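Descriptive structure summary
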Amino acid sequence: MTPINAYAAQSATTPLTPFNFERRDVGANDVQIEILYCGVCHSDIHQVRNEWGGSIYPMVPGHEIVGRITKIGSDVKDFTIGELAGVGCFVDSCRECPSCLAHEEQYCDNGMVGTYNGRDKEGNPTYGGYSTQIVVDAKYTLHVADSLPIEGVAPLLCAGITTYSPLRHWNIGKGHKVAVVGLGGLGHMAVKFAAAFGADVTVLSTSKSKEQDALNLGAHHFAVTKDADTMKKLQGKFDFILSTISASHEYNDYLNLLTLNGTMVVVGVPPQPSVVGAFNLIGKRRSIAGSLIGGIKETQEMLDYCAEHNIVSDVEVIKVSSINEAYERMLKGDVHYRFVIDIASLK
Ligand code: NAP
Ligand code: ZN
Ligand code: ZN
C-alpha cells in the first residue's frame, strides 16, 4: 500500500480539508501515476455537496487527472515508466456488456466505476485526483502527448471529452449553426471543438463580461440570455445547442431557439429536473437529448486530436488550499475557464 496526501470532503456541508489514505499496490494490469495536475469540474461540487444524492464520504474528488507513470504491472504492455498519462471520470466497468464491447464504457449496463465517489469491484470506495498518486488499470488509462502544456490537458479528461463526444456523435461541422450555452469549463471546450470542426458558433451566456473571451476562444457570436429581446430574435436560429448549465433553468427557453429538426443536447446536470413542453418540440420537430462523457477509445481520439490541433483548456492554476474558494467562484460563474490544482501543493 502507498500512503497518499489528499484533500477530502468529510460531509456535504463542510469545506474540503487535508486527508490521508492508502492506495492499493500496483497489480499486474495496473499503472501507478504520480499526479501533476487535476482539473476542478462542477460535478465535483455537485457530488461534494451531495446534490445528486448517494455521495460517499470521505470524498476525494477529481476526475481530470494528468501525471507521470511511476510503476507498471507485469502484464502492462502499452505504457512505460516516465510516460505522461491521464485518467478521466471512470476507472473500471464490467467489460462484457454491449456498451463496454462497443467502447462506450460510460454507458456500462452494470455501471461504470467512478474515479471517485464510486466503489471498485471489491466494494472499496474510490478516491480521485485531488491526491498525490493514483493506481489504475492500464485499460482505463490514457496516453498524453508531451507536446502540450499539461495543466491545460488535465481538463480534457472530462470537460474535453464531454463536449467532444456529442459534437462528434451528432456530426457537427461546416454548415451547422451551433449554440453553446454557459461559458464555463465545459462550455469553453465546446466552443473550441465546435469552431475547430467548422461550425458557426454562438455563445449564450448569463455573463455579459465573457463576450470578448468567447470570441477569443473561437466563437463567432455572443448573446446574453438575460435579455428577452435577444432571446426572441434568436428563436429558430440554431441547428444544434449544447447546454452546459449547471444550475436549474428553463429548458423550453433554449428549445425555442432550435430550427426545424434541431437538436438540443444536455450535458449540464442541474440537481432539479426541468419541464419540457410538447409544443416546444412538435412545432419544429425538435429533439432533446443527453450525453455522458465519452468512452476510453474516444477519449484517446480526442486527446490525439487536441495534440494534433494544439487544443488545450484555458486554465487558472491554483494551490489545493484554494479549492474551497475556487468552488465559490465557480458557483458565481467566475471561472476562466477551468481551475486546475497544482498537485505539487499537496506534497
Ligand atoms: P462551470 O465551469 O461552473 O460552468 C457552468 C456555467 O453555466 C457557468 O459558468 C455559467 O456560464 C452557466 N450557468 C450557471 N448557472 C446558470 C444559470 N442559473 N442559468 C444559466 N446559466 C448558468 O461548470 P462545468 O464544470 O462546465 O459543468 C457544467 C455542468 O456539466 C455541471 O452540471 C456538471 O456536473 C455537468 N457535467 C456533465 C458531464 C456529462 O458527462 N454530461 C460531465 C462533466 C460535467 P455563463 O456565465 O456563461 O452563463
Ligand atoms: Zn467532470
Ligand atoms: Zn459494461
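The rules we used
- Residues numbered from 1 in each chain as written.
- Chains lettered and ligands numbered in written order.
- Predicted model: local features only at pLDDT ≥ 70, side-chain atom pairs only at ≥ 80, totals over all residues.
- Heavy atoms only, no water.
- Donors = N, O, S within 2.8 Å, 3.2 Å for Na, K, Ca; no water.
- Helix = DSSP H or I, 4+ residues; strand = E, 2+ residues; numbered from the N terminus.
- Buried < 20%, exposed > 50% of the residue type's maximum accessible area, 1.4 Å probe, protein only.
- Near = heavy atom within 4 Å.
- Polar contact = N/O pair within 3.5 Å; in protein donor to acceptor, adjacent residues only side chain to side chain.
- Areas by Shrake-Rupley, 256 points an atom, 1.4 Å probe, with all protein chains shown as cover.
- Nonpolar A, V, L, I, M, F, W, Y, C, P; charged D, E, K, R; others polar.
- Domains from an automatic or database assignment.
- Tetrahedral: all angles 85-135°; square planar, octahedral: opposite > 155°, others 65-115°.
- Pairing = 2+ DSSP bridges.
- Axes fitted to C-alpha atoms, helices over the stretch in contact; angles between N-to-C directions.
- Core = buried A, V, L, I, M, F, W, Y, C linked by side-chain atoms within 4.5 Å.
- Phe/Tyr/Trp six-rings, centres within 6.5 Å; stacked < 30°, edge-to-face > 60°.
- Lys NZ or Arg CZ within 6 Å of the ring centre and 35° of its normal.
- Parallel < 35°, antiparallel > 145°, perpendicular 65-115°, else oblique.
- Left-handed = near helix turned anticlockwise from the far one by under 90°.
- Contact = heavy atoms within 4.5 Å.
- Salt bridge = Lys/Arg side-chain N within 4 Å of Asp/Glu carboxyl O.

Only C41 (SG), H63 (NE2) and C158 (SG) from the protein coordinate the zinc ion (ligand 2), and they sit 2.0 to 2.2 Å from it. Read from N- to C-terminus, the donor residues coordinating the zinc ion (ligand 2) fall into the pattern C-x21-H-x94-C. Of this pair, H63 sits in the loop between α1 (42–48) and β4 (65–72) while C158 sits in the loop between α3 (150–153) and α4 (159–169), and the two are 95 residues apart along the sequence. Here H63 matches C158 in class, with each residue buried.

Right, let's talk about the site of ligand 1 for a bit. The full set close to ligand 1 counts 31 residues, and S205, T206, S207, K210 and R338 are the nearest of them. A distance of 3.0 Å separates an oxygen atom of ligand 1 from a polar atom in the backbone of V269. For ligand 1, whose unbound accessible area comes to 920 Å², protein coverage reaches 91%. Those elements that place two or more of their residues in the shell around ligand 1 are α1 and α5 (185–196). The greatest single-element share of the shell around ligand 1, amounting to 3 residues, is contributed by α1. Here the residues of the shell around ligand 1 are counted per class, giving 13 nonpolar, 16 polar and 2 charged. A domain-level breakdown of the shell around ligand 1 finds at least three residues from each of domain 1 (2–157 + 314–346) and domain 2 (160–290).

Let us now look at the coordination of the zinc ion (ligand 3). The zinc ion (ligand 3) binds to the protein through C94 (SG), C97 (SG), C100 (SG) and C108 (SG), with metal-donor distances spanning 2.3 to 2.4 Å. Around the zinc ion (ligand 3) sit 4 donor atoms; with metal-centred angles ranging over 103 to 118 degrees, the donor geometry is tetrahedral. Mapped onto the sequence, the residues coordinating the zinc ion (ligand 3) show the spacing C-x2-C-x2-C-x7-C. One end of the pair, C97, is in the loop between β6 (90–92) and α2 (98–101); the other, C108, is in the loop between α2 and β7 (113–114), and 11 residues separate them in sequence. Grouping residues by exposure puts C97 and C108 together as buried.

With 7 bridges connecting them, strand β3 (residues 30–39) and β4 associate as antiparallel partners. Counted as the bridge partner of Q32 is K71 from β4.

Turning to the sheet that holds strand β15 (residues 287–290), a few remarks are in order. Within the open sheet, the 6 strands sit side by side as β12-β11-β10-β13-β14-β15. Their pairing is parallel. Strand pairing shows two members of the sheet lacking a second neighbour, β12 (221–224) and β15, which therefore form its edges. Shown here is a sheet whose adjacent strand axes are inclined to one another by a mean of 20 degrees, direction ignored. Alignment of strand β10 (residues 177–181) against strand β11 (residues 200–205), held across 5 bridges, turns out to be parallel. Bridge assignment links V181 to a residue of β11, and that residue is L204.

Now for the nonpolar core. Ranked by internal contacts, the top residues of the largest apolar core, which has 95 residues, are Y130, F193 and I323. Shared between two domains, this core takes at least three residues from each, and those domains are domain 1 (2–157 + 314–346) and domain 2 (160–290). L204, L234, Y254 and L255 belong to the second-largest nonpolar core, a separate cluster that totals 16 residues.

Pairs of aromatic rings are described using the distance from one ring centre to the other and the angle between the two planes. For the structure on display, the rule yields 11 aromatic pairs. Among the aromatic residues, ring-to-ring pairing joins Y164, F193, F197 and Y305 into one connected group. One Lys or Arg, R168, reaches over the ring of F197 and ends 3.8 Å from the middle of that ring. Residue placement shows R168 over the ring face of Y305; its charged tip is 5.3 Å from the ring centre.

Take the packing of α4 against α5 next. Two elements in contact, α4 and α5, have axes separated by 8 Å at closest approach and are oriented at 45 degrees. Relative to α5, α4 is oriented oblique. Handedness of the α4/α5 crossing: right-handed. Contacts between α4 and α5 involve A159, G160, T162, T163, Y164 and L167 on the former and, on the latter, G185, L186, M189, A190, F193 and A194. Class assignment for the residues of the contact of α4 with α5 results in 8 nonpolar, 4 polar and no charged.

Before going further, it helps to examine the pattern of salt bridges. Scanning the model with the defined rule gives 12 salt bridges in all. Notably, a salt bridge pairs D92 with R95, separated by 2.9 Å at the nearest N-O pair. Take D92: its relative accessible area is 13%, and that puts it in the buried class. As a salt-bridge pair, R95 and D137 come within 3.0 Å of each other at their nearest N and O atoms. Separated by 42 residues along the polypeptide, R95 in the loop between β6 and α2 and D137 in strand β8 (residues 133–137) bring together distant segments of the chain. Given a relative accessible area of 12%, D137 falls into the buried group. Each member of the salt-bridge network shares a partner with another, and the members are D92, R95, K121 and D137.

Everything listed here is a matter of geometry and, on its own, says nothing about what the molecule does.
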